[in-house]
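# Chain and residue survey
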Amino acid sequence: MSFVTDYYNYWVVVFLMMAGFYVVIAANNLVKKVVGLGIFQTAVFMMYITIGKVKGGSAPIVAEGVESFSNPLPHVLILTAIVVGVATTAVALALIIRIKQAYGTIEENEFEDKEDLI
Amino acid sequence: MIDQHLAILPVVLPLVAAPLCFILPRHSLAWLVACATNFVSFAVALSLLLLTMEQGVVSYAVGGWSAPWGIEMRIDVASAIVLCAVSGISSLVLIYAKDSIAHEIAAEQCSLFYTAHLLCLTGLSGILITGDAFNLFVFLEISSLATYTLVSLGRDRRCLTAAFRYLIMGTIGATFILIGVGMLYMKTGTLNMMDLSERLALLDGNRTLNTGLAFILIGVSIKLALFPLHMWLPPAYTHAPSVVSAFLASTATKVAVYVMIRFIFTIFGASYVFEEMGMSIILLVLAIVAIFKCSFMATVQSNVKTVLAYSSVAQIGYMILGISLATSLGLMAGLLHIFNHALMKGALFMAVGCVALRTGSVDIKAFQGLGRKMPWTMAAFTIAGLSIIGVPLTAGFVSKWYLVTAALEQQHWLIAFFLLAGSLLAVVYIGRVLEAAYFQKAENDVSIQEAPLLMLIPMWLLVVANIYFGIDTSMTVGAAESAAQWLTTTNVTEAN
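In short, a report on the structure. Per chain, residue numbering runs from 1 following the sequence as it is written. Each chain takes a letter, starting from A, and each ligand takes a number, starting from 1, following the order in which they are written. The predicted nature of this model means local features are confined to residues of pLDDT at least 70 and side-chain atom pairs, given and counted, to a pLDDT of 80 or more, with totals for whole chains, interfaces and linings taken over all residues. Neither water nor hydrogens contribute to the side-chain values; these are computed over all heavy atoms in the structure.

## With respect to the overall build of chain B
Secondary structure counts use DSSP, requiring at least four H or I residues in a row for a helix and at least two E residues in a row for a strand, with both numbered from the N terminus. Check the secondary structure of chain B and you find 21 helices and two strands. Just to be clear, the radius of gyration here is over C-alpha atoms, and the globule rule we use is 2.2 Å times residues to the power 0.38. The C-alpha radius of gyration computed for chain B amounts to 21 Å, which stays within 12% of the reference 23 Å derived for 496 residues, consistent with globular compactness. Principal axes of the C-alpha set define a box for chain B whose edges measure 70 × 55 × 40 Å. The buried share of chain B, taken over its 496 residues, is 65%. Considering only residue pairs separated by 6 or more positions, chain B has 79% of its internal contacts joining residues 24 or more positions apart. A 1.4 Å probe and the Shrake-Rupley method give the accessible areas. Residues count as covered only by the protein chains that appear here. Looking at chain B as shown, the accessible area adds up to about 16900 Å², and 66% of this sits on carbon and sulfur atoms. We score Asp and Glu as negative and Lys and Arg as positive, and we do not count His or the chain ends. Positions of charges follow a simple convention, taking NZ of Lys, CZ of Arg, CG of Asp or CD of Glu. With 23 positive and 24 negative side-chain charges, chain B shows a separation of 13 Å between the mean positions of the two kinds. Summary of the burial criterion: residues with accessible area below 20% of their type's maximum are buried, those above 50% are exposed, and those between are partly exposed, where the area comes from a 1.4 Å probe applied to protein chains only. Residue contacts are counted whenever heavy atoms from the two residues lie within 4.5 Å of one another.

Structural data, given as structure tokens:
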């Protein structure tokens, strides 16, 4: 039982990661694919934040009576990764708008029917 | 002052110039700024190569914070040689770009093209010079985001779907690398590559570590289009503007191969990856399948850009094969092929771009009779094609020679045979284009002009480089040799 409860965060991460990955692969709608990609990336962010947690540690701010701190570095790293994720989502959505203009649809099977990609 | 900050300049210069290109109103102005920046970057890369050949490693502490805590830029011979190839090809591609994109990209988007190009160069140079595993991910994403934009700039609407697929695959790959780096951080508490390699050597096998290695290798394999994960590459290269195909084919995947070398040899250590984890046999099999499957796919395509795209995947197989031999000689052959393949694929895609400019098509039918009408373009295509095949006196021969030698050094006769047999398929797919160009008559007899001089000059510079580095190998082989030695021996001393 402790194997489940001790690694609670990691189970959530793994579940979200797999769910997001599945949506990316299985979804037919391009916006849904981007949503899946977002979930997939968010799971990784959660993994990083989990790494940084120190049991009994407080937020990494110097204050009176606080002895141990959580590791701030993963938080900083993940801020960068979140920015990268936002930029990726923005580019993906911009591409979807252009695809909609060019093909009139954002369902993958529909524009694949219109022409073979390669 | 400049000397002191030389190591960071390859990233800073294009990064500063990119927004400048964005606000410049006229196409030619933006082109001038982009070209000038690129030439300076190339000069910096060359001086860095000389510096690293002399003193081994150039280390630069960003913001003055020293190495294991702060971010470190770390350039050794291997990164300098790839940096030279990337910035050199990028300069030539930019000269070539002016006339080509005026034809292929909408006029109001031209200065945006230069912005995206410079940002892509920023990311690629960043990957090459950084000494920090997390920074590598960030630079990878900078270059990838710029690449998706570049691919989507084509006239054909299929470029949009190709760019979207590339984005999905590329983001999954980059996120896998992020997971892997996270797992390394979990075990070691550091992100600096040298620090990582020292601490990983002490850990001696661990499940988190193995999982991290798996995530990183798969993520990088997506980025470099290793065989079963290459599906994004052919559509992206086919439908992107010709300039972009030439740039990406000769730089982006090469840098990803470099990332793989960096992770295997510098961070994890070759003996751990190849012997304990048995990655060498997996990579070897995938590389050989890539060479045959994708060379064969290239022989049956009718679009010449698709032919070259599949050929790229096959050539990446050659590079990975060199690396997976896990010897100093194999690594050196792989590095040499990175450099030489950049020269030949750049020239080939440029020649196809010239044909696209004059005939408006890149179908193999459009090449009929071009041997007479565009003699310079087709001559360039022929020589670069011979280089891909590996005919003596071209750069392609030199790298294939070393690959075969590296295979024979370990008594792998079968691998040497596969290497040579793969070249036969290259004869077929290059030969088909040449046959159409020289031995078939055009269906309709329209007069076609030779490509403009500004496109011919960079293309021919690459062709001349192909011949030059095929004859005088002292510079490329010397640099690749010392790079390979540097990568393999630093690893040995750390393992002890």
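## A short note on the environment of Trp65(B)
One can find Trp65(B) in the loop between strand 1 (58-61) and strand 2 (72-75). Trp65(B) has contacts with Gly70(B) and Ile71(B), leaving out every residue within four places of it along the chain.

## Some words on the interface of chain A and chain B
At the junction of the two partners, chain A supplies 39 residues and chain B supplies 36 residues. For the pairing of chain A and chain B, the buried interface totals around 3300 Å² over both sides, and the portion due to carbon and sulfur atoms is 78%. A pairing counts as a salt bridge when a side-chain nitrogen of Lys or Arg comes within 4 Å of a carboxyl oxygen of Asp or Glu. Where chain A meets chain B, there are one salt bridge. Within 3.5 Å is the distance limit for a polar contact, defined as a pair of N or O atoms, with the added protein rule that one can donate a hydrogen and the other accept it, and that residues adjacent in sequence qualify only through two side-chain atoms. Remark: the boundary between chain A and chain B carries five residue pairs in polar contact (both at pLDDT 80 or more). Sorting the residues of the side of chain A that touches chain B by element identifies helix 2 (8-26), helix 3 (30-52), helix 4 (72-103) and helix 5 (108-114) of chain A as the ones contributing at least two each. Sort the elements by how many residues they give to the side of chain A that touches chain B and helix 4 of chain A lands first, with 16 residues. Defined in terms of a 1.4 Å probe, buried area is the accessible area two parts forfeit on being brought together, summed over both.

## Points about the side chain of Ser91(B)
One can find Ser91(B) in helix 3 (residues 77-104). Among all residues touching Ser91(B), those that are not within four sequence positions of it are Asn38(B), Phe39(B) and Phe42(B).

## Comments concerning the pairing of strand 1 of chain B
Residue and element names in this part refer to chain B. Only one face of strand 1 is buried: it carries Val58 and Tyr60, and the other face, with Ser59 and Ala61, is open. Summarising the sheet, strand 1 and strand 2 pair through four bridges and their orientation is antiparallel. Residue pairing for strand 2: serine 59 is matched across the bridge by arginine 74. Two strands qualify as a pair provided that DSSP identifies no fewer than 2 bridges between them.

## A short note on helix 14 (residues 304-324) of chain B
Residues and elements named next belong to chain B. Here a helix's expected span is defined as the number of its residues, less one, multiplied by 1.5 Å. With 21 residues, helix 14 extends 30 Å between its outermost C-alpha atoms, agreeing within 8% with the 30 Å of an ideal straight helix rising 1.5 Å per residue. Counting buried residues in helix 14 gives 21 out of 21 residues, a clear majority hidden from the surface. For helix 14, the side-chain oxygen to backbone nitrogen distance between the N-cap and lysine 305 is 2.9 Å, and the N-cap itself is asparagine 303. Alanine 326 lies just past helix 14 and shows a positive phi near 65°.

## As for the packing of aromatic side chains
Here is the rule: rings of Phe, Tyr and Trp (six-membered ring for Trp) pair when centre to centre is within 6.5 Å. Planes less than 30 degrees apart are stacked, more than 60 are edge-to-face, and the remainder are tilted. Applying the stated criterion to the full structure yields 20 aromatic pairs over all chains. With centroids separated by 5.8 Å and ring planes inclined at 45°, the aromatic side chains of Phe21(A) and Phe176(B) adopt a geometry described as tilted. With Phe21(A) in helix 2 and Phe176(B) in helix 6 (residues 158-188), the pair connects residues from two separate chains. Seen from their ring centres, Phe265(B) and Phe274(B) are 5.9 Å apart, and the 65° between their planes marks the pair as edge-to-face. Classification of Phe265(B) by relative accessible area gives buried; the value is 1%. Grouping aromatic residues by their ring pairs yields a cluster made of Phe21(A), Phe40(A), Phe176(B) and Phe215(B). For the cation-ring pair, Lys98(B) lies above Trp31(B), with the distance from its terminal atom to the ring centre recorded as 5.3 Å. Note on criteria: charge over ring means Lys NZ or Arg CZ within 6 Å of the ring centre, with the direction from the centre no more than 35 degrees off the ring normal. For Arg157(B), the ring lying beneath its charged end belongs to Tyr103(A), and the centroid distance is 4.3 Å.

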